[in-house]
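A look at the structure
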Amino acid sequence: MNWRVVPAAELPARPEHLERWRRLHRESAGSPLLAPEFVLPLLAVFGTGREVLAWHERDGETDVMAILAPSRPGAWNTFQPAQAPVGLWLQRDAGARGASLPGLLRALPGAALMLGVTQCDPMLMDRPAQADAGLRTMDYIETARVTLPASFDDYWNTRGKNLRSNLRKQRKRLQDDGVPTRLEASRAVHEMAAAVEDYGRLESAGWKAKDGTAVSVGNEQGRFYRAMLEAFAGIDAACVYRYFVGERLAAMDLCVEGGGCIVVLKTAYDEGIGNGLSPALLMREKATRDIIEARRFERIEFYGRVMEWHLRWTGEVRTMYHLNAYRWPWLGRLHARAAGR
């Protein structure tokens, strides 16, 4: 079992490295969050030049690839900008990979003593048993998904009475007032720049503008989402939903697709719409109906920390986790003691 490590800048620059990633992604669960169309823009916009690309070979075949970054002297983590819902760790199957991590530590530049594989999804990598102090796992967040049934009615009838009644009343109020609504879905490459611009205007008018986290066409987030969505649209795997109340843009979703799922990456809504309307929930109802009726996906993934509104749409919740590996078991024991665990 061998690890190879090269500068991460070689991933887009060396065709053999990019093809190695593409091939492993095809052979894996195929999460869109680990597709080259997601990884390359993430690295281009948020990378510092210190990242490395590592891959593991077993019997001459690549079975793991990862992008890692130094976090402090002696410590490395998976490359983890805030825009990435999962750590950039790609593997052929969902088996636990803890046993191979000490070898990766030895292959990393300098005196690598600790490696953190962050924001692991147990659907993509089984959570390993903590057999010794050389390997430790920690809960990260709970996240939600919707496994899609055969029909929207089958799904909607399992939702809470309050949600169904509330949205029915909102739709009726709009109808009685003569206010039309519509959901538009954009999928073409040439539509993504305007989509990110519209999304940025929605976010910039709300609370995210006050704490400086809103997407805009001129900031790093805006550049990332445009490049990433254009890349996915180029393989017919991007979808931006716009929900209109009358002619007013009321809510938006930015989504990517692959591996049997559609991932809702970002949601924004017009916080100035009153009259008891919940534009994001109205959009979610219509979009979910369309997704189920299209019969293209097995599930909707939300990622992010599970919120109260997620639980209105699903009872399926799983725990994501962090995985720490140590070069020597005594380091793991020392770290656990320092952390009070």
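Please read all numbers here as calculations on a predicted model, not as lab measurements.

Considering the overall build of the protein chain
The helix and strand tally for the protein chain stands at 12 helices and 13 strands. Reported as C-alpha extents along the three principal axes, the dimensions of the protein chain are approximately 70 × 40 × 40 Å. A burial count over the protein chain gives 51% of its 341 residues as buried. When contacts within the protein chain are restricted to residue pairs at least 6 apart in sequence, long-range pairs at least 24 apart make up 73% of them.

Details of the pattern of salt bridges
Tallying each qualifying case throughout the model produces 31 salt bridges. With a shortest N-O distance of 3.1 Å, Arg22 and Glu37 are connected by a salt bridge. Note that Arg22 is positioned in helix H2 (residues 15-27) and Glu37 in helix H3 (residues 36-46), a separation of 15 residues in sequence. Assessed through its relative accessible area of 30%, Arg22 is described here as partly exposed. Look at Glu37 and you get buried, because its relative accessible area is 11%. Several salt bridges share partner residues, and in doing so they unite Asp121, Arg299, Glu301 and Arg318 into one network.

Some details on the packing of H2 against H3
Relative to each other, H2 and H3 sit at 135°, their axes nearing to 10 Å. One element, H2, and the other, H3, form an angle in the oblique class. Contacts between H2 and H3 involve Leu18, Trp21 and Arg22 on the former and, on the latter, Pro36, Glu37, Val39 and Leu40. Class assignment for the residues of the contact of H2 with H3 results in five nonpolar, no polar and two charged.

Details of helix H10 (residues 279-294)
Taking 1.5 Å of rise per residue, 16 residues should cover 22 Å, and H10 covers 22 Å from first to last C-alpha, within 8% of that figure. Along H10, the residues classified as buried are Pro279, Ala280, Leu281, Leu282, Met283, Arg284, Glu285, Ala287, Thr288, Ile291 and Ile292. Backbone geometry just after H10 places Arg295 at a positive phi near 55°.

Topic: the pairing of strand S10 (residues 248-258)
Within S10, nine of the 11 residues are buried, which leaves it mostly tucked inside the rest of the structure. For strand S9 (residues 238-245) and S10, the ladder comprises eight bridges, and the chain directions are antiparallel. Directly across from Phe244, in S10, lies its bridge partner Leu249. Here S9 folds back onto S10 in antiparallel fashion, the turn holding two residues, of which Gly246 has a positive phi close to 65°. The pairing of S10 with strand S11 (residues 261-269) spans eight bridges and is classified as antiparallel. Considered in S11, the bridge of Met252 is made with Ala268. Linkage of S10 to S11, two consecutive antiparallel strands, is achieved through a turn of two residues, within which Gly259 is found at a positive phi near 60°.

Topic: the nonpolar core
Judged by nonpolar contacts, the single largest core of 53 residues is most densely connected at Phe38, Ile67, Met228 and Leu229. Mapping this core onto the domain boundaries places at least three of its residues in each of domain 1 (3-141 + 320-340) and domain 2 (149-297). Contacts of Met228, omitting those with residues within four sequence positions, involve Glu37, Phe38, Pro41, Val256 and Leu265. Leu174, Ala251, Leu282 and Ile292 belong to the second-largest nonpolar core, a separate cluster that totals 32 residues.

A word on the domain arrangement of the protein chain
In terms of domain boundaries, the protein chain breaks down into domain 1 (3-141 + 320-340) and domain 2 (149-297). The interface is formed by 13 residues belonging to domain 1 together with 17 residues belonging to domain 2. With both chains or domains summed, domain 1 and domain 2 bury close to 1,100 Å², and 80% of this area falls on carbon and sulfur atoms. On the domain 1 side of the contact with domain 2, Pro32, Glu37 and Val45 bury the most area, a combined 44% of that side's loss. Between domain 1 and domain 2 we count zero salt bridges in total. Remark: the boundary between domain 1 and domain 2 carries two residue pairs in polar contact (both at pLDDT 80 or more). Taken together, the residues that form the side of domain 1 that touches domain 2 break down as 10 nonpolar, two polar and one charged.

Describing the packing of aromatic side chains
Throughout the structure, instances matching the rule amount to nine aromatic pairs. Centre to centre, the rings of Phe224 and Tyr225 are 5.0 Å apart; their planes meet at 65°, and the pair counts as edge-to-face. Here Phe224 falls in the buried class, since its relative accessible area comes to 0%. An aromatic cluster is defined as three or more aromatic residues linked by ring pairs; in this entry it consists of Phe38, Phe46, Phe224 and Tyr225. Above the ring of Phe244, the side-chain terminus of Arg182 is found at 4.0 Å from the ring centroid. Stacked on the ring of Tyr303, the Lys or Arg Arg318 has its end atom at 5.5 Å from the ring centre.

Cut-offs and rules
- Residues numbered from 1 in each chain as written.
- Predicted model: local features only at pLDDT ≥ 70, side-chain atom pairs only at ≥ 80, totals over all residues.
- Heavy atoms only, no water.
- Helix = DSSP H or I, 4+ residues; strand = E, 2+ residues; numbered from the N terminus.
- Buried < 20%, exposed > 50% of the residue type's maximum accessible area, 1.4 Å probe, protein only.
- Contact = heavy atoms within 4.5 Å.
- Salt bridge = Lys/Arg side-chain N within 4 Å of Asp/Glu carboxyl O.
- Axes fitted to C-alpha atoms, helices over the stretch in contact; angles between N-to-C directions.
- Parallel < 35°, antiparallel > 145°, perpendicular 65-115°, else oblique.
- Nonpolar A, V, L, I, M, F, W, Y, C, P; charged D, E, K, R; others polar.
- Expected span 1.5 Å × (residues − 1).
- Pairing = 2+ DSSP bridges.
- Core = buried A, V, L, I, M, F, W, Y, C linked by side-chain atoms within 4.5 Å.
- Domains from an automatic or database assignment.
- Buried area = accessible area lost by both parts, 1.4 Å probe.
- Polar contact = N/O pair within 3.5 Å; in protein donor to acceptor, adjacent residues only side chain to side chain.
- Phe/Tyr/Trp six-rings, centres within 6.5 Å; stacked < 30°, edge-to-face > 60°.
- Lys NZ or Arg CZ within 6 Å of the ring centre and 35° of its normal.

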